[in-house]
Amino acid sequence: MEFKAAVLVSTLLCLALSQGALCQRAPIVETPAPAPAPGYVDLADLLSLAGPYRTFLDYLTRTDVIKTFQSQANDTKQGISVFAPLDSAFAAVDSGALSNLTAGQLRSLMLHHAMPKYYPLSAFSKLAAASPVPMFAYKVKVTDDAGIIGVVSGWATEKLVSSVYSTSPVAVYALDSVLLPKGSPEMGRLELIKKRKADEDDEIIFLIFPALYFHLMGSREKTKRHSSILYGKKRVRGLLNGHIKNCRTAFRMEPQIFRWLASYLRNEGLILDSRLKVEEKLAFFLYMLSHNASFEDLQVEFEHSGSTFHTYIKEFFNIIPTLATRFNCIGTIDGSHVPVSLTFESQAPWRNRKGSLSQNVMFACDFDMNVTFISCGWEGSVTDARVLSSAMLKGFQVPPSKFYLVDGGYANTKFFLAPYRGVRYHLKEWEHGRRRPQNHRELFNLRHAIMRNHVERILGILKKRFHILNVASFHQLENQVKIPAAAAIIHNIIKMHDGDEEWLDNEEEDNIDPRTYVNLPNDGDNLQENNFLENSIQGNNLRDQIAWQMWLDYQQQQE
């Protein structure tokens, strides 16, 4: 069943400029069924669009292994099964050590990530019984532990995370680690093989990979996982009491704001002390938002079990809608795309104009740079206008004699004033030549752009503070769609406490590698699809009235 979710929230503790009903629930959207799989599958396009596999695709392209895999997929009856390590898997491997491999050795490493035959997921139980199974460069063992599929390569069992694509003749499966093969049992022949200068593939199997594996991954002897004396409580205390840069990097806010937020959550009964204090739970959630951190990353950082983080991260996701039923105001509206990750079968309605996967999130803000309204959970294929119009049909109202400023992606109505089309609008268009407005339409568009720049600035700040808004995360979709709302709430709290923003432009290092950012549509660059004929006439009349009054005042000032 495809997930349909909408989280419409008015965010926390804004200064109200006027009263209005801004917190409405978005309707369930009917979406088309995914199109049937094409006869030809372009592996490069599939890996590029399917999610965080850019590093793997880059290595496949550099070594020309992508051509080998593509030929196997389309020119043979057997097909192919590709095991694609996530970008985070490559990040866990020393890039310097990989760069020291020769071209042939790197090619062999890439060839070790595919089987020269198409295997659906249902076939892996039989593969486990028939192990070892040949890859292009070596052999692996397959395990099936109560439905959890593993690939035994080297000294560990790498888990198959998910099925990215599986339609004959191509299957692509996500792996949580890079496959580093173990040497042959005939290690005694190593010196003979080296003296004979056997082909490079044998050398990398018998010598390079075992050495590389031990160098990068260390000993596999079982040790206590959480042995550090700096447990979560002490770790959080150290970040809050240490240099302010450490707190900003970890939690994207100053220590005093962190402490206020923890106290607020406790006093409101939203998050309670248990065996862990609220401060520690809040640290888990903020660190996850700040770094797109997996549960494994959190275990390394805070020294608790994976189940602990799963419990408390979910607890925070559950209170996001509750945090948002506070105040509201009139201001400006804009749409922004935020990446999502899904199984291939569910991707069709979430694919946006750029071909990537995202949710279309609608933001409204006041002129004090607070987020006052946010609609999350709409598929990336849905236009800004459709998000807004559907909310109106379900009861979303604007107070009498009030209106929002919107961009050209929305219909011009008496409640939502858009700029004149075909007339200079964007501020950068006014920078060149410094020409003054020549008529009432140009003047209206100039002042409209200046006012709407507030929401664009907020979106820029949000994506600088929380880089997770630029990448796909690992959470279930029902939680992924809440991430923008969580970021907006925290942004408002930081603004309320006069948190600093200048440091965001001067960070020496990003929490998330910008190379992993998803290519998304520009905010507000889609055209509106609804006419709202009656309201458009009223909206056009109101816009003309305001524009002419502006123009008369402007001419008097110039005299």
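Heads up: these notes are all about the structure in this document. (Residues numbered from 1 in each chain as written. Predicted model: local features only at pLDDT ≥ 70, side-chain atom pairs only at ≥ 80, totals over all residues. Heavy atoms only, no water.)

What about the overall build of the chain?
And step 1. Helix and strand counts for the chain stand at 21 helices and 13 strands.
And step 2. The burial tally for the chain puts 51% of its 559 residues in the buried class.
And step 3. Residue pairs at least 24 apart in sequence account for 71% of intrachain contacts in the chain once pairs closer than 6 positions are excluded.
And step 4. As presented, the chain carries roughly 26,400 Å² of accessible surface, and 52% of it is formed by carbon and sulfur atoms. (Helix = DSSP H or I, 4+ residues; strand = E, 2+ residues; numbered from the N terminus. Buried < 20%, exposed > 50% of the residue type's maximum accessible area, 1.4 Å probe, protein only. Contact = heavy atoms within 4.5 Å. Areas by Shrake-Rupley, 256 points an atom, 1.4 Å probe, with all protein chains shown as cover.)

So, the pattern of salt bridges
And step 1. With the rule as written, the count across this model stands at 14 salt bridges.
And step 2. With a shortest N-O distance of 3.9 Å, Lys67 and Asp64 are connected by a salt bridge.
And step 3. For Asp64, a relative accessible area of 38% translates into the label partly exposed.
And step 4. Among the salt bridges present, the one from Glu507 reaches Arg252, with a minimum N-O distance of 2.8 Å. Placement of the pair is Glu507 in the loop between α20 (483–496) and α21 (533–558) and Arg252 in the loop between α11 (244–251) and α12 (255–267), with a sequence separation of 255 residues.
And step 5. The network of salt bridges with common partners includes Asp334, Asp407, Arg452 and Glu456. (Salt bridge = Lys/Arg side-chain N within 4 Å of Asp/Glu carboxyl O.)

Notes on the packing of aromatic side chains
And step 1. If you walk through the whole model with that rule in mind, you get 18 aromatic pairs.
And step 2. Residues Tyr165 and Phe344 carry aromatic rings whose centres are separated by 4.5 Å and whose planes lie at 85 degrees to one another, so their mutual orientation is edge-to-face. Taken together, the residues Tyr165 in strand β7 (residues 156–167) and Phe344 in the loop between β9 (332–339) and β10 (358–365) connect sequence positions 179 residues apart.
And step 3. Note on Tyr165: relative accessible area 2%, which makes it buried.
And step 4. The interplanar angle of 85 degrees and the centroid separation of 5.5 Å between the aromatic rings of Phe285 and Phe317 together place this pair among those described as edge-to-face. In this pair, Phe285 sits in helix α13 (residues 278–291) while Phe317 sits in helix α15 (residues 306–323), placing the two residues 32 residues apart along the sequence.
And step 5. The buried category is assigned to Phe285, whose relative accessible area is 3%.
And step 6. The buried category is assigned to Phe317, whose relative accessible area is 0%.
And step 7. Put simply, the rings of Phe284, Tyr287, Phe302 and Phe309 pair up and form one aromatic cluster.
And step 8. Stacked on the ring of Tyr420, the Lys or Arg Arg543 has its end atom at 4.2 Å from the ring centre. (Phe/Tyr/Trp six-rings, centres within 6.5 Å; stacked < 30°, edge-to-face > 60°. Lys NZ or Arg CZ within 6 Å of the ring centre and 35° of its normal.)

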